[in-house]
Amino acid sequence: MLFGLILFVVAGVAEIGGGYLIWLWLRESRPAYYGVIGGISLALYGIIATFQSFPTFGRVYAAYGGIFIVLSVLWGWGIDKKVPDLYDWLGAAICVVGVSVMLFTPRG
């Protein structure tokens, strides 16, 4: 389970970081290599996710979505310096609960 969580975090950093670099390139007129590195990072995100041991694509990506939301709040706080408010944390917590239901509910 720890390996799966680490993969989600690494995939999230690759996706958010790649999207952020492309954002900087296109929205804030940074050099084109920001976009190239961002595109490579986004491609790596797609590859990293395939290392998950979950048997179905949809469940992996749905579970990853909750982790992505938490990482996005943390990215905004750490990189963009936008302090999350109560509703940001509440929304992220709701997503984590949803992911937990999807991953840990016994299925027959």
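Residues numbered from 1 in each chain as written. Predicted model: local features only at pLDDT ≥ 70, side-chain atom pairs only at ≥ 80, totals over all residues. Heavy atoms only, no water.

A. How the structure looks around helix 1 (residues 2-27). With 26 residues, helix 1 ought to run about 38 Å at 1.5 Å a step, and its terminal C-alpha atoms sit 36 Å apart, in line with that. Turning to helix 1, its buried residues number three or more, namely Gly-4, Leu-7, Phe-8, Ala-11, Gly-12, Ala-14, Ile-16, Gly-17, Gly-18 and Leu-24. Buried residues in helix 1 make contact with helix 2 (32-49) and helix 3 (57-78). Positive phi appears at Ser-29, one or two residues downstream of helix 1, with a value of about 55°. (Helix = DSSP H or I, 4+ residues; strand = E, 2+ residues; numbered from the N terminus. Expected span 1.5 Å × (residues − 1). Buried < 20%, exposed > 50% of the residue type's maximum accessible area, 1.4 Å probe, protein only. Contact = heavy atoms within 4.5 Å.)

B. Up close: helix 4 (residues 86-104). With 19 residues, helix 4 extends 26 Å between its outermost C-alpha atoms, agreeing within 8% with the 27 Å of an ideal straight helix rising 1.5 Å per residue. Among all positions in helix 4, only Ala-92, Val-99 and Leu-103 are buried. The buried residues of helix 4 occupy one face: seen down the axis, they fall within an arc of 30°. The outward face of helix 4, more than 90 degrees from its buried face, is lined by the exposed residues Leu-86, Tyr-87, Ile-94 and Val-97. Tucked inside the fold, the buried residues of helix 4 contact helix 3. Among the residues of helix 4, the N-terminal cap falls to Asp-85, whose side-chain oxygen and the backbone nitrogen of Tyr-87 are separated by 3.0 Å. (Arc of directions from axis to C-beta. Polar contact = N/O pair within 3.5 Å; in protein donor to acceptor, adjacent residues only side chain to side chain.)

C. Main features of unusual backbone geometry. The phi dihedral of Ser-29 falls on the positive side, at around 55°, and the residue is not glycine. Along the polypeptide, Ser-29 turns up in the loop between helix 1 and helix 2. The phi angle at Lys-81 is positive, at roughly 60°, despite the residue not being glycine. Turning to its location among the elements, Lys-81 is positioned in the loop between helix 3 and helix 4. In this structure Lys-81 comes out as exposed when scored by relative accessible area, which is 62%.

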